[in-house]
Protein chains: 4
Amino acid sequence: MPLTPPALPQVSRTGNGWTDESDAEPGLRYVDVRSWTEKLCQPLETEDYVIQSTPDCSPVKWHLAHTTWFFETFVLIPYLPGYRPFHPEYCYLFNSYYNAVGPRWPRSQRGLLSRPTVGEVFGYRKYVDEHMTRLLQARRSSPDIAARTVLGLNHEQQHQELMLTDLKHALALNPLRPVYRPSVLDQGQCPNLGWIAVAAGLGWVGHPGKGFAYDNELPRHQVYLQGFALASRLAHNREFLAFIDDGGYDRPALWLSDGWAVRQERAWTAPLYWEKQDGAWLITTLGGRRALNPDEPVCHVSYYEADAFARWSGCRLPTEQELEMAVAGGSLAGHFLEAERYHPAPVVADDDRGPLSQLYGDVWQWTASPYVGYPGYQPAVGALGEYNGKFMCNQFVLRGASCATPRSHARTTYRNFFPPDARWQFTGLRVARD
Amino acid sequence: MPLTPPALPQVSRTGNGWTDESDAEPGLRYVDVRSWTEKLCQPLETEDYVIQSTPDCSPVKWHLAHTTWFFETFVLIPYLPGYRPFHPEYCYLFNSYYNAVGPRWPRSQRGLLSRPTVGEVFGYRKYVDEHMTRLLQARRSSPDIAARTVLGLNHEQQHQELMLTDLKHALALNPLRPVYRPSVLDQGQCPNLGWIAVAAGLGWVGHPGKGFAYDNELPRHQVYLQGFALASRLAHNREFLAFIDDGGYDRPALWLSDGWAVRQERAWTAPLYWEKQDGAWLITTLGGRRALNPDEPVCHVSYYEADAFARWSGCRLPTEQELEMAVAGGSLAGHFLEAERYHPAPVVADDDRGPLSQLYGDVWQWTASPYVGYPGYQPAVGALGEYNGKFMCNQFVLRGASCATPRSHARTTYRNFFPPDARWQFTGLRVARD
Amino acid sequence: MPLTPPALPQVSRTGNGWTDESDAEPGLRYVDVRSWTEKLCQPLETEDYVIQSTPDCSPVKWHLAHTTWFFETFVLIPYLPGYRPFHPEYCYLFNSYYNAVGPRWPRSQRGLLSRPTVGEVFGYRKYVDEHMTRLLQARRSSPDIAARTVLGLNHEQQHQELMLTDLKHALALNPLRPVYRPSVLDQGQCPNLGWIAVAAGLGWVGHPGKGFAYDNELPRHQVYLQGFALASRLAHNREFLAFIDDGGYDRPALWLSDGWAVRQERAWTAPLYWEKQDGAWLITTLGGRRALNPDEPVCHVSYYEADAFARWSGCRLPTEQELEMAVAGGSLAGHFLEAERYHPAPVVADDDRGPLSQLYGDVWQWTASPYVGYPGYQPAVGALGEYNGKFMCNQFVLRGASCATPRSHARTTYRNFFPPDARWQFTGLRVARD
Amino acid sequence: MPLTPPALPQVSRTGNGWTDESDAEPGLRYVDVRSWTEKLCQPLETEDYVIQSTPDCSPVKWHLAHTTWFFETFVLIPYLPGYRPFHPEYCYLFNSYYNAVGPRWPRSQRGLLSRPTVGEVFGYRKYVDEHMTRLLQARRSSPDIAARTVLGLNHEQQHQELMLTDLKHALALNPLRPVYRPSVLDQGQCPNLGWIAVAAGLGWVGHPGKGFAYDNELPRHQVYLQGFALASRLAHNREFLAFIDDGGYDRPALWLSDGWAVRQERAWTAPLYWEKQDGAWLITTLGGRRALNPDEPVCHVSYYEADAFARWSGCRLPTEQELEMAVAGGSLAGHFLEAERYHPAPVVADDDRGPLSQLYGDVWQWTASPYVGYPGYQPAVGALGEYNGKFMCNQFVLRGASCATPRSHARTTYRNFFPPDARWQFTGLRVARD
């Protein structure tokens, strides 16, 4: 599910109760999250909001409106008496995939609409924000409103990341090479790869119940894992270059059958946004095009490429259960959206937080786990039940978070997911072995 | 050839020499034509310039830049010493189909580019206009410059029409039903159909050589025509409704084989922009959606529909030679772009200019003639030779002019052409019979 | 119209009345034509009858049944009292494109049917032949039966040619390189190209009315042609190799816009069935693969290639009117189906029959004429009216005949037609110039 | 991996050593398995061997040759000194997907080849059988030869099933409704659904090591399962009809997102081979078309339909681990290929073998488990390593066996797998719940 991955809060379940501090005041957090979305738009020209570079990507304008529609549809209409929707057609235009809410404008044609204008969409945001503020101030005691508001804020944070990845895709194909924001260029040297061994045994997986979690992180349950070892850091460009130089993209024996077919059809010879010019590798970032830094984590690889790289290196991708158990209790530090770098960073000295580094931020980490429900998984009733469950097929789980993920959106049990051929997210990997 | 139909002036041929008054001063006409293009943009929002609703249509922004690129490439660069192109990438971005000029951005992806911005494109126009003005004032004596400038102005007039038809397509699909300009609604009553008989014999076809003409209107040559009769006016909606009500869209015997396949595949049941609601026919115009007026000429039909309608009515479409001979010497009066109606009008009393009415303006008239070169046709040498000749395959000739054609662009020998499945132009028909 | 090109006899018109000797006894000719079809099958394995290599081609089994269905549907059912169709589903399976006859099995899926078996199809032929023989013996005086029988025989002759071209396509793609029949290899040397000048003036085009003709050859009518010159012989491989060596397939300026797009998309670099191996050109024929003979007429080129070649050589393709007038009264001699060579032959001494040679047989000659109806053209009423008229769009006329055309099927006014990208027929060209 | 699902024997691992009785004499089993393949061909016409109805299906002729190629490539060439391959091109034509063996004829075009003929393919089988017999008699002591022979026999058994399912697909689309073999019609009454509860706890999954197993059944490993309950029998047509009647195919809330998209695109309204006529459901079987028996297990459903049906019934699909643990030690009885029924049967009295019935035979059972490698999974080295591992993506595991599976091919740990949209196998389901 490329556009709006995650899931719904278990508002009716005890123990998943919005009780920590930030959630106790969704009104404060509402302003913060919503204004971050608009802050991300500051460098844009009006024209940049309109275009859609592939069916998987959406116009910025659509993200701005869709996240607003979410609050209107799931909070204001059911809970604010007398609320009048901003425009009768917006539900049709800005519903993403909720069949229970009704028909919708086709996803692949979002870039065909010049109206509403960007100005009108910001007017829509303002209108909904005013009503949300009023509602949150007046009815702060209702747990349903709070729960749905917190869900809407998490939903908006996901779209903050998607706005950046979709925008990157659209700007990168333009021969004029537009820059979103000039880059911060980091120094750093990729440390040697270490191995952290984990012994076989029973353990727990899933959200423990305090603070917000999507429904797909529940129920918490026991699993038995065989012993394994996990790489101490992410795979880096230097290593991926060795894979390329060793013919990695030309040896079908390294690839899954489906992956090889995709690689052939799309003529992949390197990660997305890489190009070779006069013998040197360049990459296009949100800060423009520049030389590839071999010490940065490899990014914009599909599951197929991550899997082939792992096989080539004599390893494999970890399962999501292995990752969750190995990192439990570790630090959530990392390079997130708030750093405003919008590109993964090399490891630097003070990143070194123990044996396992780069656990969050920088790039999402592909796992070997197909995205399915946990044992006993139950989606919510109604339209919000479409948030996560219906995508549990033909996708793979990613763990961690990226340089475009808001810090408050990351957590150990978080399950991101994308189809195995997706490359336009900030996606990388960490290897494991038996 | 959907985007920039016509062709190149025979600048090197005696007798096609830019000698009439308007051409003697291309500088005056330059300002007039160029400012009309910008006048057409006045009702637009920035977002409207960016989108591309189908591969056949182009963004308004692209039309603005491409017509400018034409002057830059074919006039300023070869004839203005020291001229510096506005931007090194614009030749790649705004070349339409001239292989001799070099590679180009794919036509179907013109709507993926947010940059250059609309403001930058207007800056490009200003820059080129200033240099063109300087050149035309300084070197008015050069016949080559004058000829290419006149060609560029005719080219720009074609794009004025395309801007409107492409924009109409993009606005019409938007569920918000945006209006380009509020409509003028005309009254009128469709007169009975009369027949004008033309006897068999030899006649002349092709441009006689005074004033501008595209190369595809040359050479003037003799043809022998069998006797035929031509309808006194265009086919009107009332008649087309009878075709629909008689099952015209469901009877393969009325259709060409290719046409029937297209009708099935695209599920056509009426002309483009028609829809039936609660038993009544509505149409979408540049002035918004309104009830269908049965007294207006039928518009937005493909060649296939025009041909099927003609067969259903016991007639046929005329050939282009029949039309050219029948109308020779007739009045060029009609409803053109300058009327700012942007929709075909019903016949009114003072339209009645003799036995044949509605010869120009309102809608282009499909003919039964595949678009091929006249006997002895020679395209120009070099890139401008790509203007017309290479499209002489799988298209049909249209004659007359439409409500979106500038008045000064219409003439008796003019050959417009589109593929037989094209419907987004202002295209209608007039029947003929043996 | 790839599968069953031509058209219907004007049985109801005086002057087109089956009066010559062969037509006076359709019974004799029936046996002859039908048995030729079966003779062509002698070299085949059962498996060869079943396959369909592209949607344009049909299985041999289908041709055998479809030509039989034609007699059953258009002769036996209407004219033989008490006739019982061989099988109730065969009309659905073996109707090619007659909408008026009813629905039909999709053309592109003819190769998915293992049943009826080849044996059953021959049984079908036998059953219909017996009834046809009975009918023709009993009712020889009915002009309608005779006319439809003659039409059916001409139809079957067209399918004899299609059987061979479709079979060639299917065998040629098989890596085992199956041979239909061992080749006769001819010697010969291509004579120099001469030019035959024709003066401007009025002339007649169309079938004069004695003997069989398809409806698309009528009415005979006057045309005025400008003066032109016609090549004395076909274009040969030696000339086409020079075109290739001169970059003909890599210079868009030589091609129609649509042709260039097709050439790019399908990666054409030579005619169909040509391949270069170790610097030498090989071709695959019905007799197997062998070295290209530069003295043979070029074959298996599309209209686009023929047109580009003609432009490259400073000439053009002739129109069908030019060819018909130039060859009127000339000899019908040539290499036809009955020679059982199944490949165009080099010119040899006794082929030299005056200034214009190779007018018939060897290869069909692409003309510059889009396929449209003659002035006053009227298709027949009813299902047989679908034979020709509905294909008058997006195709080009070919004149002459090929090495796979039965000799009795060729005539001066014959109009074959195919889409401009078709290459699997025996198609070549002759150049002309103004 | 639709065409040749399973996997490779662990010939180099101790404990997986071809030691049981049947394997000790692969020569005897060789004759038995190979002759069963040919026995399945007895009802066929020559034409039936040639056709390919979809890219997923292969011609019978191809199956006959491919299974033979397997022995030639993996046994005779490496182990029989002086062996000469039957034909130099057969390796290109009959390699299915082994990149390490070399290039191959495209899968989707297997139905375009009329040669080799059926007779030649049987000649190929005979030639290889003679050499295999000689090898097996002479070198019975070599464990590698024995292991690869046993693998080849299991491979051939898989293709026996695929021959039947592919043939069924091809015959079923033919309007002549050909019958493979007249049906045996069974009586029986579907018993009420019971539930077998399994408590949470650690258990073992994977092949224990005695007798043949594919590599994907290894290594045997511990898993921790939550408690669950399993249906006592398969889902039956009566239940599936209730799902249909309750709007199951029209309620997106019941479907996975991908599944709903497929259902819409392909317009599914019932399982494959079902059609409603005059209010009654008919099904097409290898025995022809007949009324649907509501007491038969539902068959020819995709994973998407199985999943939607399970959700509709308030249950879910079991995981493969749940199924393997629940059935461990149960009877392998069921309706297999040898019963020559080729259609799932209703439960009859003597089928009732304890609380869990219909565990094997009749239909494969979709599980909720994406097909991935077991912890510690290692594919074999070399070409045979491509047998299973490279398909571990975007497919789902099926357990049990079907009415087209040879009895000796079924076992408790067997992992069949197909993409979630596949319907042409004999696929059904059994529900589970937490």
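Here the structure is shown first, and the text comes after it.
On a predicted model such as this, the values are computed, not experimentally measured, just so you know.

**Q** For this particular structure, what's the right way to read the relation of the copies chain A and chain D?
**A** In summary, the two copies of the chain are related to each other by a rotation about an axis coupled with a shift along it. Rotating chain A by 180 degrees and moving it 0.0 Å along the rotation axis overlays it on chain D with an RMSD of 0.0 Å. On this basis, the relationship between the two copies can be described by a two-fold rotation axis. A symmetric contact is evident, with 100% of the interface residues of chain A recurring at the interface of chain D.

**Q** What am I meant to see in the pattern of salt bridges here?
**A** Pairing between side chains of opposite charge can happen when their charged atoms approach one another. Tallied over the full model, the rule gives 104 salt bridges over all chains. The closest approach of N and O atoms between Asp-48 of chain C and Arg-115 of chain D, which form a salt bridge, is 2.5 Å. Here Asp-48 of chain C, found in the loop between helix 2 (26-41) and helix 3 (60-79), pairs with Arg-115 of chain D, found in the loop between helix 4 (90-94) and helix 5 (118-138), and the two come from separate chains. Judged by relative accessible area, Asp-48 of chain C falls into the buried class, the value being 2%. Overall, the relative accessible area of 15% leaves Arg-115 of chain D in the buried class.

**Q** Honestly, the packing of helix 3 (residues 60-79) of chain A against helix 5 (residues 118-138) of chain A in this entry has me stumped. Any pointers?
**A** The geometry of a pair of packed helices is captured by two quantities: the angle between their axes and the separation between those axes. Residues and elements named next belong to chain A. Between helix 3 and helix 5, whose axes approach to 9 Å, the crossing angle comes to 30 degrees. Regarding the angle of helix 3 to helix 5, the classification is roughly parallel. For helix 3 against helix 5, the interelement crossing comes out left-handed. Listed contacts from helix 5 to Lys-61, Leu-64, Ala-65, Thr-67, Thr-68, Trp-69, Phe-71, Glu-72, Val-75, Leu-76 and Tyr-79 of helix 3 are Val-118, Val-121, Phe-122, Tyr-124, Arg-125, Val-128, His-131, Met-132 and Leu-135.

**Q** Even after reading the chapter, I still don't get the sheet that holds strand 11 (residues 396-400) of chain C, so can you show me in this structure?
**A** Neighbouring strands of a sheet are bound in pairs by backbone hydrogen bonds; such pairs are parallel or else antiparallel. Residues and elements named next belong to chain C. Strand order in this open sheet of four strands is 12-11-10-13, and the pairing throughout is mixed. The two strands at the open ends of the sheet, each matched to only one other strand, are strand 12 (416-418) and strand 13 (427-428). Taken together, the two bridges between strand 10 (residues 364-370) and strand 13 define a ladder with parallel strand orientation. Residue pairing across strands places Trp-364 opposite Thr-427, the latter belonging to strand 13. Those strands touched by helix 10 (residues 320-327) are strand 10 and strand 11, and its axis lies near 130 degrees from that of strand 10.

**Q** Would you take a moment to explain the packing of helix 7 (residues 237-245) of chain B against helix 9 (residues 303-312) of chain B for this structure?
**A** Residue and element names in this part refer to chain B. Between helix 7 and helix 9, whose axes approach to 10 Å, the crossing angle comes to 80 degrees. If you check the angle between helix 7 and helix 9, you find them roughly perpendicular. The residues of helix 9 that touch helix 7, namely those facing Glu-239, Phe-240, Ala-242 and Phe-243, are Glu-305, Ala-308, Phe-309 and Trp-312. Residues that form the contact of helix 7 with helix 9 fall into these classes: six nonpolar, no polar and two charged.

**Q** Help me out: how do you make sense of the interface of chain A and chain B in this one?
**A** Interface extent is often summarised as the accessible area lost during association of the parts. With 29 residues of chain A in contact, the opposing surface of chain B contributes 29 residues. Across the chain A/chain B interface, buried area totals approximately 2,500 Å², and carbon plus sulfur atoms make up 67% of it. At the boundary of chain A with chain B, the tally comes to eight residue pairs in polar contact (both at pLDDT 80 or more). Counting residues per element, the ones that place at least two in the side of chain A that touches chain B are helix 4 (90-94) and helix 5 of chain A. The greatest single-element share of the side of chain A that touches chain B, amounting to three residues, is contributed by helix 4 of chain A. Here the side of chain A that touches chain B is built from residues that sort into 15 nonpolar, nine polar and five charged.

**Q** Even after reading the chapter, I still don't get the sheet that holds strand 11 (residues 396-400) of chain A, so can you show me in this structure?
**A** Residue and element names in this part refer to chain A. With respect to topology, four strands assemble into an open sheet ordered 12-11-10-13, the strand pairing being mixed. At either end of the open sheet lies a strand with only one pairing partner, and these are strand 12 (416-418) and strand 13 (427-428). With three bridges joining them, strand 11 and strand 12 adopt antiparallel strand pairing. Residue Leu-398 lies in a different strand from strand 12, and its bridge partner there is Asn-416.

**Q** Would you mind showing me how to read the relation of the copies chain A and chain B here?
**A** At an RMSD of 0.0 Å, chain A and chain B line up after a rotation of 180 degrees and a shift of 0.1 Å along the axis. The fraction of interface residues of chain A whose copies in chain B are also interface residues reaches 100%, indicating that both copies meet through the same surface.

Conventions and cut-offs
- Residues numbered from 1 in each chain as written.
- Chains lettered and ligands numbered in written order.
- Predicted model: local features only at pLDDT ≥ 70, side-chain atom pairs only at ≥ 80, totals over all residues.
- Heavy atoms only, no water.
- Least-squares fit on C-alpha atoms with pLDDT ≥ 70 in both.
- Contact = heavy atoms within 4.5 Å.
- Salt bridge = Lys/Arg side-chain N within 4 Å of Asp/Glu carboxyl O.
- Helix = DSSP H or I, 4+ residues; strand = E, 2+ residues; numbered from the N terminus.
- Buried < 20%, exposed > 50% of the residue type's maximum accessible area, 1.4 Å probe, protein only.
- Axes fitted to C-alpha atoms, helices over the stretch in contact; angles between N-to-C directions.
- Parallel < 35°, antiparallel > 145°, perpendicular 65-115°, else oblique.
- Left-handed = near helix turned anticlockwise from the far one by under 90°.
- Pairing = 2+ DSSP bridges.
- Nonpolar A, V, L, I, M, F, W, Y, C, P; charged D, E, K, R; others polar.
- Buried area = accessible area lost by both parts, 1.4 Å probe.
- Polar contact = N/O pair within 3.5 Å; in protein donor to acceptor, adjacent residues only side chain to side chain.

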